[in-house]
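# Architecture and fold: a report
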Amino acid sequence: MRKLTRRSTVLFTLISLALGTTASVAGAEPDKKPVPKVAVIGTGGTISGVSKNRVSFQDYESGKLPISKMVDDLKPEVDTVADVTTEQFGNKGSGSYSIADYRRLTATVDQALKTNDAVVVTTGTDTMEEFAYWLDLTVRSDKPVVLTGSMRPWTVIGTDAPANLYNAIHLAASGKTTCYGTVLMLNDQIQAAREVRKTDALRMDTFSSGASGELGVVDQDNIRLNRAPARIQQCGKKTWETPFDLDKMGKTLPRVEIAYSYQDAGGEAIKAFADAGADGVVTAGTGAGGVSPQMSAARKDAVKNGVIFASTTRTGSGAVYDKNTDGVIGADDLTPQKARLLLLLSLAKTDDQNQIRTWFSTLGAAQFITPRR
Ligand code: ASP
């Protein structure tokens, strides 16, 4: 293109102003509409997996592709919804991350939210529900945090990976989940961190929020939100934040393990956890939290030695209500793996059992409490 002289530039600007046009002078291209800034933090999983061939849907190496390359693959379309930057936090299976890593991830997300409008985190799906609940409980900012991943690697035909990443960025950029805490976006469905579970080892619609239902859907340009997590009622208030500010916690966090109950289950697992120094144990009980007689006896001994228990159900849904039993806290409708994270963070804050009981029954609980008139 011929270079514009200074005189013709001034003339062009005057004509543009007179016509009320917004065409920019350099290259006479239309100004780009500003789009929200979204940071995409990659941690690995199937979404960044490379398959053996184009049809090896379940035979692939996960955590291979860098997140920058994945976002590049979505260009130019993604540029119309967000101004995306990427950060490679790690690149491995979701199950390989430790609680110390989780702590660093929270700091990374909060740091990114200081200069961005929203954050997307990509993870493996196996423990994505734990990543999500952890971030929900620990991130300080109320800006959107969206987790995504995929059930098929990036490189097979019919993969869900690029579509999930694109829709997650689109959802984050929309700002529609501000004050929702952390949400999941896979298979076009938006799910709340506290309620979502992986329900199938292989299917693409594996994530479900059970009886609570999904929060909404991403239908191409239409982002529908049909419900919101209860904490949205505190939006804009200090009380929106959870009590778990990691910056104010000690270097080492408590250790909490999970013991599964079944017919004639032995008490050795609980005893071993207690002997190994666990501060808390979550029981995945039968029905409404029942454990075998051997486990019950081992639990009594462990409580005497200061171990705190949270009681959950192995059934996959429903609540275990608190009975105010010394050392044993009903975990409401949290799954064992999520109750474990809440107990761990609670024990890092306090050893006041009543306070922990209150957190279990109220913090982010799915029910809305109608204010008294
Ligand atoms: N093994 C993978 C993981 O990192 C599975 C997945 O991403 O779906 O969790």
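Residues numbered from 1 in each chain as written. Predicted model: local features only at pLDDT ≥ 70, side-chain atom pairs only at ≥ 80, totals over all residues. Heavy atoms only, no water.

In the annotation of an unreviewed UniProt entry, the protein is listed under the name asparaginase and assigned to Streptomyces bingchenggensis. The UniProt entry for the protein carries the following text under Sequence similarities (unreviewed entry): "Belongs to the asparaginase 1 family." (UniProt positions renumbered as here; feature names shortened; annotations may be inferred.)

## Re the overall build of the protein
For the protein, the count of helices and strands is nine helices and 16 strands. Viewed in the frame of its principal axes, the protein has a C-alpha envelope of about 90 × 60 × 35 Å. Here the protein holds 373 residues, and 48% of them are scored as buried. Pairs at least 24 residues apart make up 70% of the contacts formed inside the protein by residues separated by at least 6 positions. Counting every atom, the protein has about 18700 Å² of accessible surface; 51% of that belongs to carbon and sulfur. (Helix = DSSP H or I, 4+ residues; strand = E, 2+ residues; numbered from the N terminus. Buried < 20%, exposed > 50% of the residue type's maximum accessible area, 1.4 Å probe, protein only. Contact = heavy atoms within 4.5 Å. Areas by Shrake-Rupley, 256 points an atom, 1.4 Å probe, with all protein chains shown as cover.)

## A short note on the sheet that holds strand E4 (residues 83-88)
Spatially, E4-E1-E5-E6-E7-E8-E11-E12 is the arrangement adopted by the eight strands of the open sheet, whose pairing is mixed. Whereas interior strands pair on both sides, the edge strands pair on one side only; in this sheet they are E4 and strand E12 (222-225). Each adjacent strand pair in this sheet contributes to an overall mean axis angle of 25°, direction not counted. Pairing geometry for strand E1 (residues 37-42) and strand E5 (residues 118-122), over five bridges, is parallel. Its bridge partner being in E5, Ile 41 is matched across the sheet by Val 121. Sheet strands in contact with helix H5 (residues 161-174) are E1, E4, E5, strand E6 (145-148), strand E7 (182-186), strand E8 (189-192), strand E11 (216-219) and E12, and its direction is about 160° off that of E5. (Pairing = 2+ DSSP bridges. Axes fitted to C-alpha atoms, helices over the stretch in contact; angles between N-to-C directions.)

## Remarks on the sheet that holds strand E13 (residues 256-260)
Overall, parallel pairing links the four strands, which are arranged E13-E14-E15-E16 in an open sheet. The sheet is open, and its two borders are formed by E13 and strand E16 (328-330), each paired with just one other strand. Taken pair by pair, the neighbouring strands of this sheet meet at an average axis angle of 25°, ignoring direction. Sitting on the sheet, helix H6 (residues 268-275) is in contact with E13, strand E14 (280-285) and strand E15 (308-313), with an inclination near 170° to E13. The sheet contacts of helix H7 (residues 293-304) involve E13, E14, E15 and E16, and relative to E15 the element is tilted by about 150°.

## Thoughts on the environment of Asp 275
Inspection of the secondary structure puts Asp 275 in helix H6. Separated by 27 residues in sequence, Asp 275 and Ala 302 have C-alpha atoms that sit 8.8 Å apart. Side-chain polar atoms of Asp 275 contact the side chain of Lys 271, separated by 2.8 Å. (Polar contact = N/O pair within 3.5 Å; in protein donor to acceptor, adjacent residues only side chain to side chain.)

## With respect to the packing of helix H8 (residues 336-349) against helix H9 (residues 353-362)
Here H8 crosses H9 at 145°, and the two axes come no closer than 10 Å. Crossing angle aside, the handedness with which H8 passes H9 is right-handed. Contacts between H8 and H9 pair Ala 339, Leu 342, Leu 343, Ser 346, Leu 347 and Lys 349 from the former with Ile 356, Trp 359 and Phe 360 from the latter. (Left-handed = near helix turned anticlockwise from the far one by under 90°.)

## A short note on the site of the ligand
Every residue lining the ligand is accounted for by Gly 45, Thr 46, Gly 93, Ser 94, Gly 124, Thr 125, Asp 126 and Ser 150. Within the side chain of Thr 125, one N or O atom sits 2.4 Å away from an oxygen atom of the ligand. Protein chains shield 86% of the accessible area of the ligand, which is 270 Å² for the free molecule. Grouping the constituent residues of the shell around the ligand by class yields no nonpolar, seven polar and one charged. (Near = heavy atom within 4 Å. Nonpolar A, V, L, I, M, F, W, Y, C, P; charged D, E, K, R; others polar.)

## Examining H9
Among all positions of H9, only Gln 353, Ile 356, Arg 357, Trp 359 and Phe 360 are buried. One side of H9 carries all its buried residues, which in axial view fall inside an arc of 160°. Along its buried surface, H9 packs onto E15, E16 and H8. The distance from a side-chain oxygen at the start of H9 to the backbone nitrogen of Asn 354 is 2.9 Å, and the residue carrying that oxygen is Asp 352. Just beyond H9, the residue with positive phi is Gly 364, at close to 65°. (Arc of directions from axis to C-beta.)

## Points about the side chain of Thr 206
One can find Thr 206 in the loop between strand E9 (197-198) and strand E10 (207-208). By relative accessible area, which is 0% here, Thr 206 ends up buried. In contact with Thr 206, other than residues within four places in its own chain, are Met 151, Arg 197, Lys 198, Thr 199 and Asp 200.

## Regarding the packing of aromatic side chains
For the structure shown, the criterion picks out five aromatic pairs. Relative to Tyr 97, the ring of Phe 89 has its centre 6.2 Å away and its plane inclined at 35°; by these criteria the two rings are tilted. Like Phe 89, the residue Tyr 97 is buried in the burial classification. Ring geometry for Tyr 102 against Trp 134: centres 5.6 Å apart, planes inclined by 50°, an arrangement best described as tilted. With Tyr 102 in helix H3 (residues 99-115) and Trp 134 in helix H4 (residues 128-138), this pair connects stretches of sequence that are 32 residues apart. (Phe/Tyr/Trp six-rings, centres within 6.5 Å; stacked < 30°, edge-to-face > 60°.)

## Topic: unusual backbone geometry
Following Lys 75, the chain continues into Pro 76 via a peptide bond in cis, with omega recorded as 10°. A positive phi angle is found at Asp 188, which is not glycine, with a value near 70°. In this structure, Asp 188 sits in the loop between E7 and E8. By relative accessible area, which is 34% here, Asp 188 ends up partly exposed. Notably, Asp 332 is not glycine yet its phi reads approximately 55°, a positive angle. Note that Asp 332 resides in the loop between E16 and H8.

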